[in-house]
Amino acid sequence: MGIDLACYGIDLTRINDLYLSSYICDLVDYAAEGGMITASAHWANPSQTNPDRVRGNFGTVNTLEAYQQAFTDLLTPGTEYNDFFMEELAINARFFKALEENGVSIIWRPLHEANGNWFWFCIGQNGHWLEPEYVVNIWHYIYDYFQNECGLTNLFWCYGPNQSPNVNDTPGSTMSPTYLYPGDE
């Protein structure tokens, strides 16, 4: 079963405890019957005033330098972007912890399709193409937070790029599936 955390599925930022408990019970039952669960997240764009917005660019100025700064600020504690992102990551972590406490493992696909240009966390930003480390650093940040700070042990980390024939990684179209590979470690 595939689930999405946020606007296209289980919006953990907006559901009450009763709905949350119901989702957890359903997933625990499904897993107990031998089902496998995969999850992705369409996180809200920290730079948009509309918190539902997952598509589009990250930042408020259309220059490569501004996008680089926005991605840097996302991972810098104390910045507005980081505070916003950390709130949503903390909500996700509590959800995963509740599943872990009930013996449920998750195939977790953070930053799915990030080798494209349609989500705010994608490598392509309004005609500008960032170097891979800007997105790879976000992957490592999420991993460190979930694994090391939250102690989650029920996540199987799945790198989930979009398909692309762009094997030469020419900026301007979806980069190759290996372009943002975060590393085996």
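Undergrad: Where do I start with the packing of aromatic side chains in this structure?
TA: If you walk through the whole model with that rule in mind, you get 20 aromatic pairs. A centroid spacing of 5.9 Å and a plane angle of 85 degrees characterise the contact between phenylalanine 85 and tryptophan 120, whose relative ring orientation is edge-to-face. Of this pair, phenylalanine 85 sits in helix α3 (residues 80–101) while tryptophan 120 is found in the loop between β3 (106–109) and β4 (124–125), placing the two residues 35 residues apart along the sequence. The same class applies to phenylalanine 85 as to tryptophan 120, namely buried. Ring geometry for tryptophan 108 against phenylalanine 146: centres 5.9 Å apart, planes inclined by 45 degrees, an arrangement best described as tilted. With a gap of 38 residues between them, tryptophan 108 in strand β3 and phenylalanine 146 in helix α4 (residues 133–149) connect regions that are remote in the sequence. There is no split in this pair, since tryptophan 108 and phenylalanine 146 are both buried.

Undergrad: Sorry if this is basic, but what is going on with unusual backbone geometry here?
TA: Phi at leucine 111 is positive, roughly 55 degrees, even though this residue is not glycine. In the Ramachandran plot, asparagine 126 falls in the positive-phi region, its phi being about 50 degrees despite a non-glycine side chain. Inspection of the secondary structure puts asparagine 126 in the loop between β4 and β5 (128–129).

Undergrad: Honestly, the packing of helix α2 (residues 64–74) against α4 in this entry has me stumped. Any pointers?
TA: When two helices pack together, their arrangement is given by the angle between the helix axes and the distance between those axes. Where α2 contacts α4, the two axes come as close as 10 Å, and the packing angle between them is 10 degrees. Between α2 and α4, the angle is such that the two are roughly parallel. Of the residues in α4, those touching α2 at Gln68, Phe71, Thr72 and Leu74 are Tyr134, Val135 and Ile138. Residues belonging to the contact of α2 with α4 are distributed by class as follows: five nonpolar, two polar and no charged.

Undergrad: What am I meant to see in the environment of alanine 114 here?
TA: Within the secondary structure, alanine 114 is located in the loop between β3 and β4. On the accessibility criterion, alanine 114 (3% relative accessible area) is buried. In this structure the C-alpha to C-alpha distance between alanine 114 and glutamine 68, which are 46 residues apart in sequence, comes to 15 Å. Excluding residues within four positions of it along the chain, alanine 114 makes contact with Phe121, Cys122, Ile123, Val135 and Leu180.

Undergrad: What's the story with the packing of helix α1 (residues 17–32) against α3 in this structure? I'm lost.
TA: At their nearest, the axes of α1 and α3 sit 10 Å apart, and the two run at 45 degrees to each other. Taken together, the axis directions place α1 and α3 in an arrangement best described as oblique. Both α1 and α3 take part in a crossing whose hand is right-handed. Across from Leu20, Ile24, Leu27 and Val28 in α1, the residues of α3 making contact are Phe95, Ala98 and Leu99.

Undergrad: How should the pairing of strand β2 (residues 38–42) be read in this particular structure?
TA: Each regular strand displays side chains that alternate between the two surfaces of the sheet. Within β2, four of the five residues are buried, which leaves the element mostly enclosed by the surrounding structure. Two strands pair when backbone bridges link them, and strand β1 (residues 2–6) and β2 are joined in this way by five bridges, in the parallel orientation. When the sheet's bridge partners are listed, leucine 5 is paired in β2 with alanine 41. Sheet topology places β2 next to β3; three bridges connect them, and they run parallel. Looking at β3, one finds that threonine 38 is bridged to isoleucine 107.

Undergrad: Teacher, can you tell me more about the environment of phenylalanine 71 here?
TA: Mapped onto the fold, phenylalanine 71 is located in helix α2. The class of phenylalanine 71 is buried, set by a relative accessible area of 1%. Once residues within four sequence positions are removed from consideration, phenylalanine 71 is found in contact with Phe58, Trp120, Phe121, Cys122, Gln125, Leu130, Tyr134, Val135 and Ile138.

Reading guide: rules and limits
- Residues numbered from 1 in each chain as written.
- Predicted model: local features only at pLDDT ≥ 70, side-chain atom pairs only at ≥ 80, totals over all residues.
- Heavy atoms only, no water.
- Phe/Tyr/Trp six-rings, centres within 6.5 Å; stacked < 30°, edge-to-face > 60°.
- Helix = DSSP H or I, 4+ residues; strand = E, 2+ residues; numbered from the N terminus.
- Buried < 20%, exposed > 50% of the residue type's maximum accessible area, 1.4 Å probe, protein only.
- Axes fitted to C-alpha atoms, helices over the stretch in contact; angles between N-to-C directions.
- Parallel < 35°, antiparallel > 145°, perpendicular 65-115°, else oblique.
- Contact = heavy atoms within 4.5 Å.
- Nonpolar A, V, L, I, M, F, W, Y, C, P; charged D, E, K, R; others polar.
- Left-handed = near helix turned anticlockwise from the far one by under 90°.
- Pairing = 2+ DSSP bridges.

That's the geometry; what it means functionally is another story.
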